[in-house]
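A look at the structure
Residues per chain are reported as follows:
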Amino acid sequence: MIKGVIMLRSNSRIHIFIFLAFLLVLFGGIYIYSGYDSSTLSLCQPCNKNSKPDVKSIMAKVMEDIVGPTKCQEKGSWKIEDLTMNYGVKYAQPSTQQGRTDVNSVTNWNTPLVWEGTFDPVVIDAIYKKMDPRIAVVVFAVGKYTRFLEAFLQTGEKYFMVGFRVTYYIFTDHKEEVPNINLGEGRKISLLDIPSATRWQDVVLGRMKWATIAIDKQIRNKADYLFMMDVDSVFHNRFGAESLSQLTGVLHRGYYKTDRDHFPYERRNLSRAYIPAGEGDYYYTAAVWGGYLEDMYKMVKYCYMQSEEDAKNNIEAVWQEESHLNKYFLYNKPTKVLSPEYLWSDYDQVPADIKVVRISQLVKNYAEVRPNGGQ
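Residues numbered from 1 in each chain as written. Predicted model: local features only at pLDDT ≥ 70, side-chain atom pairs only at ≥ 80, totals over all residues. Heavy atoms only, no water.

Right, let's get into the overall build of the chain. Secondary structure summary: the chain contains 8 helices and 11 strands in total. Relative to its 375 residues, the chain shows a buried fraction of 44%. Sequence separation of 24 or more characterises 74% of the internal contacts of the chain that already satisfy a separation of 6 or more. Total accessible area computed for the chain in this model is approximately 20900 Å², and 54% of it derives from carbon and sulfur atoms. (Helix = DSSP H or I, 4+ residues; strand = E, 2+ residues; numbered from the N terminus. Buried < 20%, exposed > 50% of the residue type's maximum accessible area, 1.4 Å probe, protein only. Contact = heavy atoms within 4.5 Å. Areas by Shrake-Rupley, 256 points an atom, 1.4 Å probe, with all protein chains shown as cover.)

Structure follows, in C-alpha cells:
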C-alpha cells in the first residue's frame, strides 16, 4: 500500500515535469514563429548591440510572456541603488542628539538640505563608489572665459568627485586655448564647438540650447549624472557624492536668508518664467546644478524651450536661464538641495553658518571679459 502511494507520487511529479517542459517548448515555438526579432529576447536591451542572447535569456523572456515582465531599468537610465557598503569600513557613530542647530537640514518636502556637518564623507564615499556612476560636467568657455579653464580644471581634479569617473565637456570657440591638464584615472576632457557671441546674455541663454543638443548627440549613453557649472569658479574643498540625487539644486548665496517676496524671480506675467508674489521655496543659482542625465535633459530642454517662447513674445527673462530654472524647481521639486557652500563668491565675506566653501566664483572685471562689456 505504502509502496503504491510512493509510486503514485513519483509518477505525478514526472507528469508535472513533462507537462511544464511541454508548455515551455510550446510557448517557445509560438514565440519564435510569431515573428519576434531574436534580439529582443532578453529582459533588458543589452548594452552591447553585438551581444547575443543565450538560452537562459530566451527562456526568461518566454516566462515573462507567461507571468508578466520583470522590472528593469529603462534603456539609458541610471538610478541611485540600495545604499549598501562593504564590510569593515570604519567611521564615527551617527548621533540622534547632536548635529547642526544653526541651519535647517531638511526641506519642507522632506528632502536633504546639505551643509557641512550633515553627512560623513567616509560613509558617502563607501556607498556611492560601489555604484560607480559616470559623471559629466558641462562648462562653457566662450571668448575670454577660456582664461578660467586652467584653475577650474586643476582645482576640480583636486576636490571634485575624487575617485569617480568624470568627463569635463567643454564648450568653447577657442579650442587652441584649452590648457593641458594632468587628469586622474578614469577622468577626461571632451571639447565641443560653439559659435562666438556678441552678448553675454546670448551665451547664458545658449547654454540650454547647446546642452540639449550635446546630451542628444554626444553625452547620452556616456554619462549617468550631469552637472552644469560656471567655468569662472575655483574649487576649494571637497565637492563629492553627497551632492548626487535625481535632481539637485544649489541655494543662491545672495538670497538664502531672504523672504521669498524679495527673490529676483521673473515677475512679469508675459514671460514663461513668471512666478507670482507669495509663491516660491528658495532662490536657486544656475551656476551649479545637477541630476540624473535624463532628468537634466528634461530640465535644460525645458529652459531652452521656455526661453524660445519668450523670444517669440519679444521678452527675455530677467535672469535668463536662471529665471526659468527657478520656475522649474518651484513646480518640480529637487530631490536634494545644496547649501551655498556649493557655490560661494569671492565678492562676499563668508558668514558663520558657511563652515566650508567648496567652490567659489572668482572676482573679475566683467566689462573686460564679457563681449558686450558686462551690459
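That shown, we press on.
So, about the sheet that holds strand E11 (residues 359-361). Read from one edge to the other, the open sheet built from 3 strands follows the order E6-E11-E10, with strand pairing classed as mixed. Of all the strands in the sheet, just strand E6 (233-235) and strand E10 (344-345) have a single pairing partner and so form its edges. Relative to E11, E6 runs antiparallel, the two sharing 3 bridges. Looking across to E11, one finds that Ser233 is bridged to Gln361. (Pairing = 2+ DSSP bridges.)

This next bit is on the sheet that holds strand E1 (residues 113-114). The 8 strands lie next to each other as E1-E9-E7-E8-E5-E2-E3-E4, forming an open sheet whose pairing is mixed. The open sheet has two free edges, formed respectively by E1 and strand E4 (187-193), since each of these has just one partner strand. Here E1 pairs with strand E9 (residues 336-338) via 2 bridges, running parallel. Bridge pairing in E9 links Leu113 to Val337. Sheet strands touched by helix H4 (residues 149-159): strand E2 (134-141), strand E3 (165-172), E4 and strand E5 (225-229). Its angle to E3, the strand with the most contacts, is close to 175 degrees. Against the sheet, helix H6 (residues 293-312) makes contact with E5, strand E7 (247-250) and strand E8 (288-292), and its axis sits at roughly 125 degrees relative to E8, the strand it touches most. (Axes fitted to C-alpha atoms, helices over the stretch in contact; angles between N-to-C directions.)

Time to look at the pattern of salt bridges. One pass over the full model with this rule turns up 20 salt bridges. One salt bridge in this structure joins Asp281 and Lys333, with 2.4 Å as the shortest N-O distance. With Asp281 in the loop between E7 and E8 and Lys333 in the loop between helix H7 (320-331) and E9, the pair connects residues that are 52 residues apart, well separated along the chain. Among the residues examined, Lys333 registers a relative accessible area of 35% and is labelled partly exposed. (Salt bridge = Lys/Arg side-chain N within 4 Å of Asp/Glu carboxyl O.)

This next bit is on the environment of Glu157. In this fold, Glu157 is placed in helix H4. Taking the relative accessible area as the measure of exposure, Glu157 reaches 16% and is therefore buried. Sequence-wise, Glu157 and Ile181 are 24 residues apart; in three dimensions their C-alpha atoms are separated by 9.1 Å. If we skip the residues at most four places from it in the chain, Glu157 touches Val162, Tyr168, Asn182, Leu183, Gly184 and Arg187. At 2.7 Å, the side chain of Glu157 and the backbone nitrogen of Gly184 are in polar contact. (Polar contact = N/O pair within 3.5 Å; in protein donor to acceptor, adjacent residues only side chain to side chain.)

Within the fold, Asp125 resides in helix H3 (residues 121-131). Since its relative accessible area comes to 18%, Asp125 is described here as buried. Along the primary structure Asp125 and Ala241 are separated by 116 residues, whereas in three dimensions their C-alpha atoms are 6.7 Å apart. Residues contacting Asp125, with those up to four places away along its chain left out, are Phe164 and Arg238.

Burial of E5 is extensive: 5 of the 5 residues sit out of reach of the surface. Of the two faces of E5, the one holding Tyr225, Phe227 and Met229 and the one holding Leu226 and Met228 are both buried throughout. As judged from the 4 bridges shared by E2 and E5, these two strands associate in the parallel manner. When the sheet's bridge partners are listed, Ile135 is paired in E5 with Tyr225. Where E5 lies against E8, 5 bridges are found, and the strand directions are antiparallel. The residue bridging Leu226 from the neighbouring strand is Gly291, located in E8.

Here the chain averages 84 in pLDDT, and 77% of its residues register 70 or above. With pLDDT under 50 throughout, residues 1-8 is counted as low confidence; its partners more than four residues away or in other chains account for 0 contacts. Contacts from residues 31-75, a stretch scored under 50 in pLDDT, to residues over four places away or in other chains number 31 contacts. (pLDDT = per-residue confidence, 0-100.)

Attention now moves to H6. In this model, H6 (20 residues) spans 29 Å end to end at C-alpha, consistent with the 28 Å of a helix rising 1.5 Å per residue. Of the residues trailing H6, Asn314 is marked for its positive phi of about 55 degrees. (Expected span 1.5 Å × (residues − 1).)

This brings us to H4. At 3.6 residues per turn, the α-helix brings residues three or four places apart onto the same side. Those residues of H4 that fall on the buried side of the exposure criterion are Leu149, Phe152, Leu153, Thr155, Gly156 and Glu157. Buried positions along H4 lie against E2, E3, E4, E5 and E6. Of the residues one or two after H4, Met161 is the one with positive phi, at around 45 degrees.

What follows concerns the packing of aromatic side chains. By the definition in use, this model includes 21 aromatic pairs. Measuring from ring centre to ring centre gives 6.2 Å for Phe263 and Tyr283, while their planes differ by 50 degrees; the resulting arrangement is tilted. Of the two residues, Phe263 sits in the loop between E7 and E8 while Tyr283 sits in the loop between E7 and E8, which places them 20 residues apart along the sequence. Members of the aromatic cluster, each reached through a chain of ring pairs, are Phe152, Phe160, Tyr168, Tyr225, Phe227, Phe235, Phe239 and Tyr342. Across from the ring centre of Tyr297, 4.6 Å away, lies the NZ or CZ of Arg220, which sits over that ring. (Phe/Tyr/Trp six-rings, centres within 6.5 Å; stacked < 30°, edge-to-face > 60°. Lys NZ or Arg CZ within 6 Å of the ring centre and 35° of its normal.)

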